[in-house]
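The chain contents come next:
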Amino acid sequence: MKSSIVRTLVTLGLGAVLSPIALLAQGSINATIPFDFTVSGKSLAAGDYSIRQLSQDILLIRSVKGNSAVMTVGMAGEKTGEAGTGLLTFNRYGDTYFLSKVSSDSRGWELPRSPVEKELIARFARLKPVVVAAGLRSK
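Residues numbered from 1 in each chain as written. Predicted model: local features only at pLDDT ≥ 70, side-chain atom pairs only at ≥ 80, totals over all residues. Heavy atoms only, no water.

Caption draft 1: Quick look at the side chain of N91. Turning to its location among the elements, N91 is positioned in strand β8 (residues 85-93). Given the relative accessible area of 5%, N91 is considered buried. (Helix = DSSP H or I, 4+ residues; strand = E, 2+ residues; numbered from the N terminus. Buried < 20%, exposed > 50% of the residue type's maximum accessible area, 1.4 Å probe, protein only.)

Caption draft 2: Layout of the pattern of salt bridges. Counting across every chain of the model gives 1 salt bridge. In this structure, E117 engages R113 in a salt bridge whose closest nitrogen and oxygen atoms are separated by 3.7 Å. We classify E117 as buried; its relative accessible area is 2%. (Salt bridge = Lys/Arg side-chain N within 4 Å of Asp/Glu carboxyl O.)

Caption draft 3: Structural context of the side chain of S114. With respect to the helices and strands, the residue S114 is situated in the loop between β10 (108-110) and α2 (115-123). For S114, a relative accessible area of 10% corresponds to the buried category. Excluding anything up to four places from it in sequence, S114 contacts G41 and F98. (Contact = heavy atoms within 4.5 Å.)

Caption draft 4: Focus on the pairing of strand β5 (residues 58-63). Burial along β5 is one-sided: L59, I61 and S63 are buried, and none of I58, L60 and R62, which face the opposite way, are. The pairing of strand β4 (residues 47-53) with β5 spans 5 bridges and is classified as antiparallel. Bridge pairing in β5 links Q53 to L59. When β5 meets strand β6 (residues 69-73), the two strands line up antiparallel, connected through 5 bridges. Across the sheet, the residue bridging to I58 is V73, located in β6. The antiparallel hairpin formed by β5 and β6 contains 5 residues in its connecting segment, where G66 sits at a positive phi of about 80 degrees. (Pairing = 2+ DSSP bridges.)

This is how it looks when you write it as structure tokens:
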């Protein structure tokens, strides 16, 4: 009797500990961005990128070539709702693009606006969102 209670408690404890790891191991979002863009105040060149969730609210956006990367904090946002689909949404002001949302079929994040983006919002009357489709890759 005692050993079955201990076994049950150990199983429940391991489940609670390993569940967040399973959530983080869901893979990455991969996209080809056809224009230069900014994330958290850092400018990134057009190219192939991988977006990976590092913790509950922290995302790593990294060039597939490995020559540039940025970490950013994301707030909970809408997911795409379509299996195997990822979307990156950019705010466009003139010829300047800012990554504003990242979403997959299971999670979504909204990224905070940088001071530069807030300044551009004041200058430009209309926000022009641009959406880039992305693929999902499981580990």
